[in-house]
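Listed below, chain by chain, are the residues.
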Amino acid sequence: MEAIHDSVFSIQENVGLFHKKRKICNFIPRIRRVYRTEDGSTLLELEIQLRASVHERVVRFEKLASFDFESSVVGAICADDQGKPTQRLVVQYLRECLCENRAQQYSSLYITRGGWHEIAGTWCFVAGGTLLGQCGSNDVGLDPELKQRHLACGPEPLDTAESVEFLLRLFLQHSAVRIPTFAFTVVTALRSVLEQEGIPPVGVLYLDGPQGVGKTTVATDFCTLYDQNGRKADIFDASSSDSAILDALASTRDRIVLLDDICNESDAADKRKRLALAAHSVRMAVNDTQRGRRRGWKTEQVRCRAGLVITGEFPLRSASELTRCIRIPIMSRMTSRSASDRMRASASLAGYLSWFAEHMTAERARLRTEFDAFCRESAQRREERLQKSLWQLAWGFDSFLRFALEIRAIDSSCRDAMRELLDKILVDIFRETVALIEELWSSDLRNLAEVIATGIAKRQLSVTRRRGCVCVPLQTLMGYLQEVSAGKICNERQVTAALRQQDLLCMDQTGKSTCKVQGQRMLRIYENKLKVRKKI
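Residues numbered from 1 in each chain as written. Predicted model: local features only at pLDDT ≥ 70, side-chain atom pairs only at ≥ 80, totals over all residues. Heavy atoms only, no water.

Enquirer: How should the overall build of the chain be read in this particular structure?
Expert: Helices and strands together make up the secondary structure of the chain, namely 17 helices and 26 strands. Computed over its C-alpha atoms, the radius of gyration of the chain comes to 31 Å, more than 25% above the 24 Å expected for a compact globule of 536 residues. In terms of its C-alpha atoms, the chain occupies a principal-axis envelope of roughly 115 × 60 × 40 Å. Looking at the chain as a whole, 51% of its 536 residues qualify as buried. Within the chain, contacts between residues at least 6 apart in sequence are counted, and of these 65% link residues at least 24 apart. Put simply, the chain shows about 26,100 Å² of open surface, and 47% of that area lies on carbon and sulfur atoms. The positive charge centre, built from 78 side chains, and the negative charge centre, built from 67, are 8 Å apart in the chain. (Helix = DSSP H or I, 4+ residues; strand = E, 2+ residues; numbered from the N terminus. Rg over C-alpha atoms; globule rule 2.2 N^0.38 Å. Buried < 20%, exposed > 50% of the residue type's maximum accessible area, 1.4 Å probe, protein only. Contact = heavy atoms within 4.5 Å. Areas by Shrake-Rupley, 256 points an atom, 1.4 Å probe, with all protein chains shown as cover. Lys, Arg positive; Asp, Glu negative; His and termini not counted. Charge placed at Lys NZ, Arg CZ, Asp CG, Glu CD.)

Enquirer: How should the nonpolar core be read in this particular structure?
Expert: Counting 70 residues, the largest nonpolar core has Trp 116, Leu 168 and Phe 397 as the members making the most contacts within it. Beyond its immediate stretch of four places on either side in the chain, Phe 397 contacts Leu 168, Phe 171, Ile 179, Ala 183, Met 418 and Leu 422. (Core = buried A, V, L, I, M, F, W, Y, C linked by side-chain atoms within 4.5 Å.)

Enquirer: Even after reading the chapter, I still don't get the side chain of Arg 255, so can you show me in this structure?
Expert: On the secondary structure map, Arg 255 appears in the loop between helix H8 (242–251) and strand E18 (256–263). Residue Arg 255 is classed as buried on the basis of its relative accessible area of 7%. Only 2.8 Å separates the side chain of Arg 255 from the side chain of Asp 234, close enough to count as a polar contact. The residues contacting Arg 255, other than those within four sequence positions of it, are Arg 149, Thr 188, Tyr 226, Asp 234, Ala 306 and Gly 307. (Polar contact = N/O pair within 3.5 Å; in protein donor to acceptor, adjacent residues only side chain to side chain.)

Enquirer: I tried to follow the sheet that holds strand E15 (residues 226–228) on my own but got confused; where do I start?
Expert: Sheet strands pair via backbone hydrogen bonds, and the direction of the pair is either parallel or antiparallel. Spatial ordering of the open sheet is given by E13-E15-E16, a layout of 3 strands whose pairing is antiparallel. One side of each edge strand has no neighbouring strand; the edge strands of this open sheet are strand E13 (149–151) and strand E16 (231–232). With 2 bridges connecting them, E15 and E16 associate as antiparallel partners. Bridging from a neighbouring strand, Asp 227 pairs with Lys 232 of E16. (Pairing = 2+ DSSP bridges.)

Enquirer: Looking at this structure, how should I read the pattern of salt bridges?
Expert: Side-chain pairs of opposite charge can arise whenever the charged atoms involved come near each other. For the coordinates displayed, the defined rule picks out 30 salt bridges. For the salt bridge of Glu 47 with Arg 32, the shortest nitrogen-to-oxygen distance reads 2.5 Å. A residue pair is termed long-range when its members are at least 10 positions apart, and Glu 47 in strand E6 (residues 42–50) and Arg 32 in strand E5 (residues 28–36) qualify at 15 residues. For Glu 47, a relative accessible area of 16% corresponds to the buried category. In this structure Arg 32 comes out as partly exposed when scored by relative accessible area, which is 22%. Asp 416 serves as the salt-bridge partner of Arg 415, at 3.2 Å between the closest nitrogen and oxygen. One salt-bridge network, held together by shared partners, links Glu 363, Arg 366, Glu 370, Asp 398, Arg 402, Arg 415, Asp 416 and Arg 419. (Salt bridge = Lys/Arg side-chain N within 4 Å of Asp/Glu carboxyl O.)

Enquirer: When you look at the packing of helix H12 (residues 360–378) against helix H13 (residues 384–406) in this model, what are you seeing that I'm missing?
Expert: Two numbers describe a pair of packed helices, the interaxial angle and the distance between the axes. Running from N to C, H12 and H13 point in directions that differ by 145 degrees, and their axes come no closer than 11 Å. For the element pair H12 and H13, the recorded crossing hand is right-handed. Residues Glu 363, Arg 366, Leu 367, Glu 370, Phe 371, Phe 374, Cys 375 and Ser 378 of H12 lie in contact with H13, whose contacting residues are Gln 387, Lys 388, Trp 391, Trp 395, Ser 399 and Arg 402. Taken together, the residues that form the contact of H12 with H13 break down as 6 nonpolar, 3 polar and 5 charged. (Axes fitted to C-alpha atoms, helices over the stretch in contact; angles between N-to-C directions. Left-handed = near helix turned anticlockwise from the far one by under 90°. Nonpolar A, V, L, I, M, F, W, Y, C, P; charged D, E, K, R; others polar.)

Enquirer: Explanation requested: the pairing of E6 in the structure shown.
Expert: Taken residue by residue, a regular strand's side chains alternate between the two faces of the sheet. Of all 9 residues making up E6, 8 are buried, and the element is well covered by its neighbours. Judged from the 8 bridges that link them, E5 and E6 form a sheet pairing that is antiparallel. Bridging across to E6, Arg 33 finds its partner in Glu 45. Between the antiparallel neighbours E5 and E6 lie 5 residues, among them Gly 40 with a positive phi of about 95 degrees.

Enquirer: Explain the packing of aromatic side chains here, please?
Expert: The geometry of an aromatic ring pair comes down to the distance between the two centres and the angle between the two planes. In total, this model carries 20 aromatic pairs according to the counting rule given. When the ring of Tyr 35 is compared with that of Tyr 110, the centres are 5.2 Å apart and the planes differ by 50 degrees; the resulting orientation is tilted. Remark: Tyr 110 occurs in strand E8 (residues 107–111) and Tyr 35 occurs in strand E5; sequence separation between them is 75 residues. Across the pair, Tyr 110 and Tyr 35 agree in class, each one buried. (Phe/Tyr/Trp six-rings, centres within 6.5 Å; stacked < 30°, edge-to-face > 60°.)

Enquirer: Can you walk me through empty space enclosed by the protein in this structure?
Expert: One way to see where empty space is left: roll a probe the size of a water molecule over the atoms. All told, the structure shown has 2 cavities of 30 Å³ or more when counted by the stated rule. Size it by volume and the largest cavity reaches roughly 80 Å³. Forming the walls of the largest cavity are Thr 185, Thr 188, Ala 189, Cys 223, Thr 224, Leu 225, Tyr 226, Asp 234, Asp 254, Arg 255, Ile 256 and Leu 349. Top contributing element to the lining of the largest cavity by residue count: helix H5 (residues 175–189), with 3 residues. A breakdown of the residues in the lining of the largest cavity according to their chemical character gives 6 nonpolar, 3 polar and 3 charged. (1 Å grid on protein atoms, 1.4 Å probe; cavity = no way out; pocket = protein on both sides within 12 Å on 5 of 7 lines; lining within 4 Å. Points joined across faces, edges and corners; volume = space filled by probe spheres on them.)

Enquirer: Any chance you could explain the sheet that holds strand E9 (residues 115–119) here in plain terms?
Expert: With antiparallel pairing, the 3 strands of this open sheet are ordered in space as E9-E10-E11. The open sheet has two free edges, formed respectively by E9 and strand E11 (130–133), since each of these has just one partner strand. Adjacent strand axes in the sheet meet at a mean angle of 35 degrees when their direction is disregarded. Alignment of strand E10 (residues 122–127) against E11, held across 4 bridges, turns out to be antiparallel. Bridge assignment links Ala 127 to a residue of E11, and that residue is Thr 130.

Enquirer: Is there a simple way to think about the pairing of strand E26 (residues 520–526) in this case?
Expert: Here strand E24 (residues 469–472) runs beside E26; their pairing, made up of 4 bridges, is antiparallel. Across the sheet, residue Val 470 finds its bridge partner in E26, namely Ile 525. Pairing geometry for strand E25 (residues 514–517) and E26, over 4 bridges, is antiparallel. Bridging across to E26, Lys 516 finds its partner in Arg 521.

Enquirer: Looking at this structure, I do not really get the environment of Leu 146. What am I missing?
Expert: Along the chain, the position of Leu 146 falls in helix H3 (residues 144–147). The exposure class assigned to Leu 146 is buried, which follows from its relative accessible area of 5%. Put simply, Leu 146 and Leu 530 are 384 residues apart on the chain and 58 Å apart in space, counted from C-alpha to C-alpha. Those residues in contact with Leu 146 that lie beyond four places of it in its chain are Ile 111, Thr 112, Arg 113, Gly 114, Val 126, Gly 128 and Gly 129.

Okay, here's the thing in structure tokens:
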């Protein structure tokens, strides 16, 4: 039996802990380390030796007195030979060890979430159970659940420069899909850095296209790059609840959550449910507001810390949702894929994040300067939210190219060509999204007054002015509405009913809303009720 100096406690290997030579438990508890959390709490890493087996447990200091050793470790007995509970004495022993500094311990940071952390003045990125940057793994403790995740990798480590070169060559095929998709992954990994600089969250990446073109494959190859217990992590589908997705978006920090195959051509009721889930998820991911999350009998306020990728067979149906999304249509089947693409993307991202940690000060200064310049130039422009999201993609990918150039995976001419290619892709994304927003806005009968006024102002709709009204044949009006709504407005009765409901039609004493002009019957619409849509 090993007596402890100046103490009433003693230990006997493979037997247990003794108090005044009375056995009080059949295990030997030790404090291995003392941790502090980012919120200032103190954690104890306990080592519980039960015969030949050793178990590790992490306990908050204030909950040590109520920690149940018997429930935590199978076979542990916290009682003396007469069966009298000895929990209080075991806790007393541990506190005595803590006060007298007999534990193998030192105060270090305990991390429960991945992403960027500043430790003793040094930045590092916690990629699951791996620390990327200049911070040593001995300086921190990682939550067991966090340790289960890791960036996808093969049996042998991949060379970073070779992986980056491979990835950028791959991007030359299906570049309009692959480049912005991986750029979104880079920006998501920098999300907490952008947040500290006061830059709003990037929008949701929305991949839409027919079934079988490879939407999910693209998302898993270039976005969801973490594995857990041998499976791809952070992937949800339409069967997931709002609360499950909210929990994932709040706890998944600086990495991507995939909501897969959310909008497909199912029956009408299921389709409405899927669209509602997608719309709610988009707002959770982009709106920088806190939401309530249940934790047992308590409700805690959380906000989104992750990037969200959604795949579907058709675009979202609301203009406000589209402005929160970076929409990438995939109309043809993705080809030239290999099984190593995901591991190459993971190795490239890991190398970039290590580089960014080393260049954190310079890159953040560049980010601040360039974002402020962009805001001055883009003020009062249309769809500002979407423009900011696309700018973040451009900046993130440009930062990745600076890393690739520094490690000599590419030369300056390749960097310039990739920059130019991405700029063109982002311009196309913006134009296509704005066109889709216009189409959705124009097909909404609630906007008839503005749609008609805009058509008149742009001379797309020919009218005759008469006594404070604009007169237009119903067939001419229907032709214009069908054109601007891409065929979504095609019912004459619905259009005339909407005009009446919005009090746009000028009625005579007999209740007629038409008149003959030059022998042709026309609708009479109050001109003073038509207002051209303001630019957003």
